[in-house]
Amino acid sequence: METKKVIVILATLSKLIISGLLFMYFWKAEDFLAIKYIDLGIIIVAIVYILLQLLTRKLAITSNWWDWVYYGGLLCIMLASIFISQETFNTFHMLTRIGTVLLILPLFADIYQLFLKKKIK
């Protein structure tokens, strides 16, 4: 297996783990402060996710439409953190939950394309 493909596979699996961590953080966040003031560790994990996404996009052979879905997830998290208030907590909490799902969904398409698509042919 060539080095480029190994890097893409490792980065994709790393993104899956990271998106799982982000998913768990925002789905377990049951108070206003956890979304308004996101932990520094979670911000660093999100930055690593972004860097891995940029790396896989650069190394990938093809550009897929689902490569852009993660932007929606990041946008949901950022908007919630900026605009959340006590009165709008439920709305923005749901927005962060949707956003974390948008971080995970493209990875399933990538994993399918990397591992399963070639076995079916």
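Anyway, here's the lowdown on the structure attached to this text.

Definitions and limits used
- Residues numbered from 1 in each chain as written.
- Predicted model: local features only at pLDDT ≥ 70, side-chain atom pairs only at ≥ 80, totals over all residues.
- Heavy atoms only, no water.
- Helix = DSSP H or I, 4+ residues; strand = E, 2+ residues; numbered from the N terminus.
- Buried < 20%, exposed > 50% of the residue type's maximum accessible area, 1.4 Å probe, protein only.
- Contact = heavy atoms within 4.5 Å.
- Areas by Shrake-Rupley, 256 points an atom, 1.4 Å probe, with all protein chains shown as cover.
- Lys, Arg positive; Asp, Glu negative; His and termini not counted.
- Charge placed at Lys NZ, Arg CZ, Asp CG, Glu CD.
- Axes fitted to C-alpha atoms, helices over the stretch in contact; angles between N-to-C directions.
- Parallel < 35°, antiparallel > 145°, perpendicular 65-115°, else oblique.
- Left-handed = near helix turned anticlockwise from the far one by under 90°.
- Nonpolar A, V, L, I, M, F, W, Y, C, P; charged D, E, K, R; others polar.

1. Notes on the overall build of the protein chain
Looking only at helices and strands, the protein chain features five helices and zero strands. Counting every position in the protein chain, which comprises 121 residues, the buried fraction comes to 38%. By sequence separation, contacts in the protein chain at least 24 residues apart represent 74% of the contacts at least 6 residues apart. Here the protein chain displays about 7500 Å² of accessible surface, and carbon together with sulfur accounts for 74% of that area. Considering the protein chain, the positive charge centre built from 12 side chains and the negative charge centre built from 7 side chains are found 15 Å apart.

2. Structural notes on the packing of helix 3 (residues 40–59) against helix 4 (residues 69–83)
Here helix 3 crosses helix 4 at 165°, and the two axes come no closer than 12 Å. The orientation of helix 3 relative to helix 4 falls into the category roughly antiparallel. Once helix 3 is placed against helix 4, the crossing between them reads as left-handed. Contacts from Y49, I50, Q53, L54 and R57 of helix 3 reach helix 4 at Y70, Y71 and L74. Residue composition of the contact of helix 3 with helix 4, by class: six nonpolar, one polar and one charged.

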